Amino acid sequence: MAGTDGTRACVITRFAPSPTGPLHLGHAFSALTAWDMARAAGGTFLLRIEDIDQSRARPDWEQQIYDDLAWLGLTWPTPVMRQSDRQAAYDAALDMLWARGLLYPCTCNRRDILAAASAPQEGAPLLGPDGVVYPGTCRHGTRTGLRPRDAALRLDMQFACQSFDNTALSPDLARTIGDVVLARRDMGTSYHLSVVVDDAAQGVTDVVRGQDLADATPIHMLLQRLLDLPTPAYHHHRLIRDANGKRLAKRDDARALGLYRDQGATPDDIRRLVGL
Ligand code: GLU
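Reading the values: rules and limits
- Residues numbered from 1 in each chain as written.
- Predicted model: local features only at pLDDT ≥ 70, side-chain atom pairs only at ≥ 80, totals over all residues.
- Heavy atoms only, no water.
- Helix = DSSP H or I, 4+ residues; strand = E, 2+ residues; numbered from the N terminus.
- Expected span 1.5 Å × (residues − 1).
- Buried < 20%, exposed > 50% of the residue type's maximum accessible area, 1.4 Å probe, protein only.
- Contact = heavy atoms within 4.5 Å.
- Near = heavy atom within 4 Å.
- Polar contact = N/O pair within 3.5 Å; in protein donor to acceptor, adjacent residues only side chain to side chain.
- Nonpolar A, V, L, I, M, F, W, Y, C, P; charged D, E, K, R; others polar.
- Pairing = 2+ DSSP bridges.
- Axes fitted to C-alpha atoms, helices over the stretch in contact; angles between N-to-C directions.
- Parallel < 35°, antiparallel > 145°, perpendicular 65-115°, else oblique.
- Left-handed = near helix turned anticlockwise from the far one by under 90°.

Trainee: For helix α2 (residues 59-72), give the residues involved together with the corresponding values.
Mentor: For α2, built from 14 residues, the straight-helix expectation of 20 Å at 1.5 Å per residue is met to within 8% by its first-to-last C-alpha distance of 20 Å. When we look at burial in α2, the residues that qualify are Glu62, Ile65, Tyr66, Asp68, Leu69 and Leu72. On its buried face, α2 sits against β1 (12-15), α1 (25-40), β2 (44-49), β3 (81-82), α9 (257-262) and α10 (267-273).

Quick look at the structure:
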(Lines give C-alpha, C1' and ligand atoms only; values in the text may rest on other atoms or scores of the structure.)
Protein backbone atom coordinates (compact mmCIF):
# COMPACT_ATOMS: atom_id res chain seq x y z
CA MET A 1 0.00 0.00 0.00
CA ALA A 2 3.00 2.32 -0.16
CA GLY A 3 2.48 5.34 -2.38
CA THR A 4 5.17 6.64 -4.72
CA ASP A 5 6.23 9.21 -2.12
CA GLY A 6 6.65 6.47 0.51
CA THR A 7 3.48 7.37 2.44
CA ARG A 8 0.59 4.98 2.65
CA ALA A 9 -2.62 5.95 0.98
CA CYS A 10 -5.00 5.37 3.81
CA VAL A 11 -3.85 4.45 7.30
CA ILE A 12 -6.54 2.94 9.50
CA THR A 13 -5.72 2.19 13.13
CA ARG A 14 -8.00 0.97 15.88
CA PHE A 15 -8.36 0.65 19.61
CA ALA A 16 -10.26 -2.49 20.58
CA PRO A 17 -10.99 -2.64 24.31
CA SER A 18 -13.17 -5.18 26.10
CA PRO A 19 -15.85 -3.57 28.29
CA THR A 20 -14.98 -5.65 31.33
CA GLY A 21 -13.58 -2.97 33.61
CA PRO A 22 -12.40 0.63 33.70
CA LEU A 23 -9.82 1.86 31.21
CA HIS A 24 -6.52 2.66 32.89
CA LEU A 25 -3.30 4.42 31.91
CA GLY A 26 -2.17 1.45 29.81
CA HIS A 27 -5.32 1.67 27.70
CA ALA A 28 -4.89 5.42 27.37
CA PHE A 29 -1.36 4.88 26.07
CA SER A 30 -2.55 2.30 23.56
CA ALA A 31 -5.49 4.39 22.33
CA LEU A 32 -3.42 7.59 22.10
CA THR A 33 -0.62 5.80 20.23
CA ALA A 34 -3.10 4.43 17.67
CA TRP A 35 -4.78 7.85 17.46
CA ASP A 36 -1.47 9.69 16.97
CA MET A 37 -0.40 7.27 14.24
CA ALA A 38 -3.63 7.76 12.31
CA ARG A 39 -3.49 11.54 12.73
CA ALA A 40 0.13 11.79 11.66
CA ALA A 41 -0.73 9.93 8.43
CA GLY A 42 -3.98 11.80 7.80
CA GLY A 43 -5.76 8.49 8.33
CA THR A 44 -8.62 7.19 10.44
CA PHE A 45 -8.77 5.96 14.02
CA LEU A 46 -11.48 3.39 14.77
CA LEU A 47 -12.93 2.15 18.01
CA ARG A 48 -14.17 -1.43 18.30
CA ILE A 49 -15.87 -2.92 21.34
CA GLU A 50 -14.62 -6.46 21.95
CA ASP A 51 -17.51 -7.88 23.91
CA ILE A 52 -17.62 -11.54 22.84
CA ASP A 53 -17.42 -12.56 26.48
CA GLN A 54 -20.96 -11.62 27.38
CA SER A 55 -20.54 -13.05 30.87
CA ARG A 56 -18.01 -10.30 31.64
CA ALA A 57 -19.00 -7.39 29.38
CA ARG A 58 -21.20 -4.70 30.92
CA PRO A 59 -23.02 -1.78 29.28
CA ASP A 60 -21.82 0.64 31.93
CA TRP A 61 -18.19 -0.27 31.21
CA GLU A 62 -18.85 0.26 27.52
CA GLN A 63 -20.31 3.71 28.22
CA GLN A 64 -17.31 4.49 30.39
CA ILE A 65 -15.02 3.65 27.45
CA TYR A 66 -16.82 6.17 25.25
CA ASP A 67 -16.68 8.81 27.98
CA ASP A 68 -13.01 8.27 28.82
CA LEU A 69 -11.85 8.33 25.21
CA ALA A 70 -13.93 11.41 24.39
CA TRP A 71 -12.46 13.12 27.44
CA LEU A 72 -8.97 12.29 26.13
CA GLY A 73 -9.91 14.17 22.97
CA LEU A 74 -10.34 11.19 20.63
CA THR A 75 -13.06 10.91 18.01
CA TRP A 76 -14.06 7.95 15.87
CA PRO A 77 -16.61 7.12 13.20
CA THR A 78 -19.95 5.74 14.36
CA PRO A 79 -21.69 3.37 14.60
CA VAL A 80 -18.97 1.61 16.54
CA MET A 81 -18.41 -2.04 15.64
CA ARG A 82 -19.37 -4.32 18.52
CA GLN A 83 -18.27 -7.92 18.38
CA SER A 84 -21.49 -9.13 19.95
CA ASP A 85 -23.20 -8.13 16.67
CA ARG A 86 -20.77 -10.05 14.49
CA GLN A 87 -21.49 -13.74 15.04
CA ALA A 88 -22.59 -14.26 11.41
CA ALA A 89 -19.17 -13.13 10.19
CA TYR A 90 -17.41 -15.41 12.69
CA ASP A 91 -19.62 -18.33 11.66
CA ALA A 92 -18.72 -17.79 8.00
CA ALA A 93 -15.00 -17.88 8.84
CA LEU A 94 -15.39 -20.97 11.02
CA ASP A 95 -17.41 -22.71 8.28
CA MET A 96 -14.59 -22.04 5.83
CA LEU A 97 -11.97 -23.54 8.13
CA TRP A 98 -14.22 -26.47 9.07
CA ALA A 99 -14.88 -27.29 5.41
CA ARG A 100 -11.13 -27.61 4.89
CA GLY A 101 -10.74 -30.03 7.80
CA LEU A 102 -8.65 -27.54 9.78
CA LEU A 103 -10.83 -27.60 12.92
CA TYR A 104 -11.81 -30.33 15.33
CA PRO A 105 -14.19 -30.38 18.30
CA CYS A 106 -12.61 -30.49 21.74
CA THR A 107 -14.33 -31.46 24.96
CA CYS A 108 -11.36 -31.09 27.32
CA ASN A 109 -11.57 -28.76 30.28
CA ARG A 110 -8.62 -26.96 31.82
CA ARG A 111 -7.98 -29.73 34.29
CA ASP A 112 -7.93 -32.42 31.55
CA ILE A 113 -5.46 -30.35 29.56
CA LEU A 114 -3.12 -29.76 32.46
CA ALA A 115 -3.24 -33.44 33.44
CA ALA A 116 -2.50 -34.65 29.89
CA ALA A 117 0.19 -32.02 29.32
CA SER A 118 1.86 -32.89 32.64
CA ALA A 119 2.02 -36.66 31.99
CA PRO A 120 5.55 -37.89 32.83
CA GLN A 121 6.42 -38.74 29.22
CA GLU A 122 5.54 -35.20 28.11
CA GLY A 123 8.19 -33.34 30.17
CA ALA A 124 7.31 -29.91 31.60
CA PRO A 125 4.13 -28.48 30.02
CA LEU A 126 4.93 -25.82 27.44
CA LEU A 127 3.27 -22.44 27.82
CA GLY A 128 1.91 -20.64 24.76
CA PRO A 129 -0.02 -17.36 24.47
CA ASP A 130 -3.24 -19.04 25.62
CA GLY A 131 -1.68 -20.98 28.49
CA VAL A 132 -0.57 -24.61 28.46
CA VAL A 133 0.02 -25.83 24.89
CA TYR A 134 -2.82 -28.24 24.12
CA PRO A 135 -1.54 -31.84 24.18
CA GLY A 136 -3.82 -32.93 21.33
CA THR A 137 -6.18 -35.24 23.22
CA CYS A 138 -9.18 -34.61 20.92
CA ARG A 139 -7.23 -34.14 17.70
CA HIS A 140 -8.42 -37.40 16.18
CA GLY A 141 -12.12 -36.62 16.58
CA THR A 142 -14.50 -36.19 13.68
CA ARG A 143 -13.97 -33.40 11.17
CA THR A 144 -16.73 -34.25 8.76
CA GLY A 145 -20.44 -33.46 8.59
CA LEU A 146 -21.98 -30.32 9.99
CA ARG A 147 -19.81 -28.07 12.10
CA PRO A 148 -20.65 -28.85 15.75
CA ARG A 149 -22.13 -25.91 17.67
CA ASP A 150 -21.99 -27.47 21.11
CA ALA A 151 -18.25 -27.99 21.46
CA ALA A 152 -15.12 -25.90 21.43
CA LEU A 153 -13.31 -25.98 18.08
CA ARG A 154 -9.55 -26.09 17.87
CA LEU A 155 -7.29 -25.34 14.93
CA ASP A 156 -5.08 -28.25 13.89
CA MET A 157 -1.92 -26.19 13.87
CA GLN A 158 0.30 -28.80 12.25
CA PHE A 159 -2.14 -29.28 9.39
CA ALA A 160 -2.72 -25.51 9.09
CA CYS A 161 0.99 -24.85 8.81
CA GLN A 162 1.40 -27.55 6.19
CA SER A 163 -1.08 -25.84 3.90
CA PHE A 164 1.53 -23.20 3.00
CA ASP A 165 5.11 -22.25 3.64
CA ASN A 166 4.90 -20.78 7.14
CA THR A 167 8.59 -20.18 7.72
CA ALA A 168 8.08 -16.41 7.53
CA LEU A 169 5.63 -16.54 10.44
CA SER A 170 7.41 -18.66 12.97
CA PRO A 171 9.12 -21.94 12.24
CA ASP A 172 7.46 -23.96 14.93
CA LEU A 173 3.92 -22.83 15.66
CA ALA A 174 2.64 -26.37 16.21
CA ARG A 175 5.10 -26.89 19.07
CA THR A 176 5.20 -23.42 20.64
CA ILE A 177 1.56 -22.41 20.26
CA GLY A 178 -0.29 -25.60 19.48
CA ASP A 179 -3.93 -26.16 18.59
CA VAL A 180 -5.55 -22.91 19.72
CA VAL A 181 -9.28 -22.66 20.38
CA LEU A 182 -11.01 -20.72 17.60
CA ALA A 183 -14.57 -21.19 18.86
CA ARG A 184 -15.28 -21.42 22.54
CA ARG A 185 -18.22 -23.56 23.47
CA ASP A 186 -19.84 -20.79 25.49
CA MET A 187 -19.26 -18.04 22.88
CA GLY A 188 -19.20 -19.60 19.42
CA THR A 189 -16.02 -17.65 18.64
CA SER A 190 -12.74 -16.66 20.26
CA TYR A 191 -10.51 -13.63 20.65
CA HIS A 192 -8.14 -14.82 17.89
CA LEU A 193 -10.82 -15.50 15.30
CA SER A 194 -12.88 -12.37 16.00
CA VAL A 195 -9.97 -9.98 16.03
CA VAL A 196 -8.71 -11.23 12.67
CA VAL A 197 -12.12 -11.22 10.99
CA ASP A 198 -12.91 -7.75 12.31
CA ASP A 199 -9.57 -6.10 11.54
CA ALA A 200 -10.06 -7.24 7.95
CA ALA A 201 -13.72 -6.19 7.83
CA GLN A 202 -12.76 -2.72 9.03
CA GLY A 203 -9.82 -2.39 6.65
CA VAL A 204 -7.37 -1.87 9.52
CA THR A 205 -3.92 -1.25 8.05
CA ASP A 206 -2.01 -0.85 11.31
CA VAL A 207 -2.70 -2.78 14.48
CA VAL A 208 -1.30 -0.89 17.47
CA ARG A 209 -1.38 -2.89 20.69
CA GLY A 210 0.72 -3.84 23.68
CA GLN A 211 3.76 -6.05 23.75
CA ASP A 212 1.70 -8.53 25.80
CA LEU A 213 -0.15 -9.49 22.62
CA ALA A 214 2.97 -9.96 20.48
CA ASP A 215 2.85 -13.74 20.98
CA ALA A 216 -0.65 -13.84 19.52
CA THR A 217 0.41 -12.10 16.32
CA PRO A 218 1.77 -15.21 14.53
CA ILE A 219 -1.62 -16.87 15.20
CA HIS A 220 -3.39 -13.88 13.67
CA MET A 221 -1.10 -13.84 10.63
CA LEU A 222 -1.68 -17.54 10.11
CA LEU A 223 -5.46 -17.08 10.29
CA GLN A 224 -5.24 -14.27 7.76
CA ARG A 225 -3.54 -16.62 5.33
CA LEU A 226 -5.99 -19.43 5.97
CA LEU A 227 -8.97 -17.10 5.52
CA ASP A 228 -7.42 -15.24 2.60
CA LEU A 229 -7.46 -11.90 4.42
CA PRO A 230 -4.87 -9.11 4.19
CA THR A 231 -2.23 -8.84 6.91
CA PRO A 232 -1.96 -5.41 8.52
CA ALA A 233 1.27 -3.98 9.90
CA TYR A 234 1.65 -4.85 13.59
CA HIS A 235 3.11 -2.39 16.09
CA HIS A 236 3.55 -3.68 19.63
CA HIS A 237 4.16 -0.89 22.08
CA ARG A 238 5.80 -0.94 25.50
CA LEU A 239 3.57 -1.66 28.47
CA ILE A 240 2.71 0.86 31.16
CA ARG A 241 3.78 -0.49 34.54
CA ASP A 242 3.11 0.43 38.13
CA ALA A 243 5.77 1.58 40.59
CA ASN A 244 6.73 -2.07 41.21
CA GLY A 245 7.24 -2.72 37.52
CA LYS A 246 4.06 -4.77 37.23
CA ARG A 247 1.94 -4.40 34.12
CA LEU A 248 -1.34 -2.60 34.77
CA ALA A 249 -4.43 -4.79 34.62
CA LYS A 250 -8.14 -3.99 34.51
CA ARG A 251 -8.37 -4.55 38.24
CA ASP A 252 -5.82 -1.79 38.88
CA ASP A 253 -8.64 0.61 39.54
CA ALA A 254 -6.17 3.02 41.15
CA ARG A 255 -4.93 3.83 37.64
CA ALA A 256 -8.42 4.14 36.18
CA LEU A 257 -8.69 7.14 33.87
CA GLY A 258 -11.95 8.19 35.51
CA LEU A 259 -10.15 8.62 38.83
CA TYR A 260 -7.46 10.84 37.34
CA ARG A 261 -10.18 12.88 35.70
CA ASP A 262 -12.12 13.21 38.96
CA GLN A 263 -8.95 14.39 40.67
CA GLY A 264 -8.59 17.23 38.19
CA ALA A 265 -6.04 15.78 35.75
CA THR A 266 -6.19 17.00 32.16
CA PRO A 267 -5.74 14.90 29.01
CA ASP A 268 -2.28 16.47 28.65
CA ASP A 269 -1.42 15.23 32.14
CA ILE A 270 -2.37 11.72 31.01
CA ARG A 271 -0.12 12.06 27.95
CA ARG A 272 2.75 13.12 30.18
CA LEU A 273 2.10 10.30 32.64
CA VAL A 274 2.39 7.68 29.91
CA GLY A 275 5.37 9.36 28.27
CA LEU A 276 3.72 10.77 25.13
N1 GLU B 1 -9.58 -6.69 23.17
C2 GLU B 1 -8.21 -6.88 23.49
C3 GLU B 1 -7.93 -6.37 24.88
O4 GLU B 1 -8.73 -5.64 25.43
C5 GLU B 1 -7.27 -6.17 22.52
C6 GLU B 1 -7.28 -6.78 21.21
C7 GLU B 1 -6.20 -6.34 20.26
O8 GLU B 1 -5.74 -5.18 20.34
O9 GLU B 1 -5.83 -7.11 19.40
O10 GLU B 1 -6.91 -6.71 25.42
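The discussion continues.
Trainee: Describe in detail the site of the ligand, supporting the description with residues and values.
Mentor: Contacts to the ligand come from Arg14, Ala16, Pro17, Ser18, Glu50, Tyr191, Val195, Arg209 and Leu213. Contact distances for the ligand include 2.6 Å between a nitrogen atom and a side-chain N or O atom of Glu50. Arg209 has a polar side-chain atom sitting 2.8 Å from an oxygen atom of the ligand. Split by residue class, the shell around the ligand holds five nonpolar, one polar and three charged.

Trainee: Go over the sheet that holds β2 with me, naming the residues and quoting the values.
Mentor: Taken together, five strands build an open sheet; the order of strands is β3-β2-β1-β9-β10 and the sheet is parallel. The two strands at the open ends of the sheet, each matched to only one other strand, are β3 and β10 (233-237). Against the sheet, α2 makes contact with β1, β2 and β3, and its axis sits at roughly 160° relative to β2, the strand it touches most. The strands that helix α8 (residues 217-226) touches are β9 (206-210) and β10; relative to β10, the one it contacts most, it runs at about 165°.

Trainee: So what's going on with the packing of helix α7 (residues 191-201) against α8? Which residues, and what values?
Mentor: Closest axis-to-axis distance for the α7/α8 pair is 10 Å, and the angle between their directions is 60°. The angle between α7 and α8 places the two elements in the oblique class. Along this stretch, α7 crosses α8, giving a crossing that reads as right-handed. Contacts from Tyr191, His192, Leu193, Val195 and Val196 in α7 reach Ile219, His220, Leu223 and Gln224 in α8. Its residues placed into classes, the contact of α7 with α8 shows six nonpolar, three polar and no charged.

Trainee: Tell me what's going on with the packing of helix α3 (residues 87-99) against α7, and back it up with residues and numbers.
Mentor: Relative orientation of the contacting elements α3 and α7 amounts to 110°, with a least axis distance of 10 Å. One way to sum up the angle between α3 and α7 is to call them roughly perpendicular. Residues Ala89, Tyr90, Ala93, Leu94 and Leu97 of α3 lie in contact with α7, whose contacting residues are Leu193, Ser194, Val197 and Asp198. Taken together, the residues of the contact of α3 with α7 break down into seven nonpolar, one polar and one charged.

Just distances and angles here, no functional claims.
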